[in-house]
Amino acid sequence: MLERLFRLRESGTTVRAELVGGATTFMTMAYIIIVNPQLLSVPTGAGMDFQAVMVATCLSSAAATLLMAFLANYPIALAPGMGLNAYFSFLICGKMGVPWQVALGIVFISGVV
């Protein structure tokens with residue numbers, strides 16, 4: 001079933017190699033599960049709820065990675081960018097004083113544009 005879905009033989013790989021690659025990628029990126037919520041929940045920054053950001057980080061990363069796997073058949077894991085999150089938290093919300101709810105609206109509009 002996995003062979004048909006992902007055309008593994010055509011790509012020159014095996015289910016075992018892909019599972020090892022997936023586990024390695026997860027372990028490499030797992031830091032973001034803790035670091036991203038810490039970054040966005042700092043009171044002098046965005047001040048967002050730690051647990052809510054943690055759940056959002058996990059769900060958005062999983063959804064984006066699954067879409068990349070099933071729609072594009074491409075072995076790339078996706079997660080929030082830490083540099084942009086630091087900019088969002090410390091400059092936009094912290095220094096400029098924009099509430100995080102408004103700042104998220106700005107991020108959404110910039111993504112649409």
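Refer to the structure presented above.
Just so we're clear, the structure is a prediction, and the values are computed from it rather than from any experiment.

**Things to note about the overall build of the chain**
Per the secondary structure count, the chain includes seven helices and zero strands. Ordered by position from the N terminus, the helices and strands of the chain form the series α-α-α-α-α-α-α. Counting only residues that meet the buried cut, the chain has 19% of its 113 residues in that class. Within the chain, residue pairs in contact and separated by at least 24 positions form 47% of the contacts whose partners lie at least 6 positions apart. Total accessible area on the chain stands at roughly 7900 Å², and carbon and sulfur atoms take up 71% of it. Taking the average place of the 5 positive charges on the side chains of the chain and the average place of its 4 negative ones, the gap between the two points comes to 2 Å.

**Regarding the nonpolar core**
A general feature of soluble globular proteins is that nonpolar side chains tend to end up buried together. Listed in full, the eight residues of the largest apolar core are Leu40, Ala46, Met48, Val53, Phe88, Ile92, Cys93 and Ala103. Among the elements that line this core, the one with the most residues is helix 6 (residues 82–95), at three residues.

**Looking at the environment of Asp49**
Position of Asp49 among the secondary structure elements: in the loop between helix 4 (32–41) and helix 5 (50–72). Residue Asp49 is classed as partly exposed on the basis of its relative accessible area of 48%. The sequence separation of Asp49 and Phe88 amounts to 39 residues, and the corresponding C-alpha distance is 15 Å. Within the local environment of Asp49, its side chain forms a polar contact with the backbone nitrogen of Ala52, the two atoms lying 2.9 Å apart.

**Some thoughts on the pattern of salt bridges**
Where side chains of opposite charge bring their charged atoms close, a pairing between them can arise. Counting across every chain of the model gives one salt bridge. Residues Glu10 and Arg7 are paired through a salt bridge, measuring 3.7 Å at the closest nitrogen-oxygen approach. Overall, Arg7 belongs to the partly exposed group, its relative accessible area being 41%.

What counts and how
Residues numbered from 1 in each chain as written. Predicted model: local features only at pLDDT ≥ 70, side-chain atom pairs only at ≥ 80, totals over all residues. Heavy atoms only, no water. Helix = DSSP H or I, 4+ residues; strand = E, 2+ residues; numbered from the N terminus. Buried < 20%, exposed > 50% of the residue type's maximum accessible area, 1.4 Å probe, protein only. Contact = heavy atoms within 4.5 Å. Areas by Shrake-Rupley, 256 points an atom, 1.4 Å probe, with all protein chains shown as cover. Lys, Arg positive; Asp, Glu negative; His and termini not counted. Charge placed at Lys NZ, Arg CZ, Asp CG, Glu CD. Core = buried A, V, L, I, M, F, W, Y, C linked by side-chain atoms within 4.5 Å. Polar contact = N/O pair within 3.5 Å; in protein donor to acceptor, adjacent residues only side chain to side chain. Salt bridge = Lys/Arg side-chain N within 4 Å of Asp/Glu carboxyl O.

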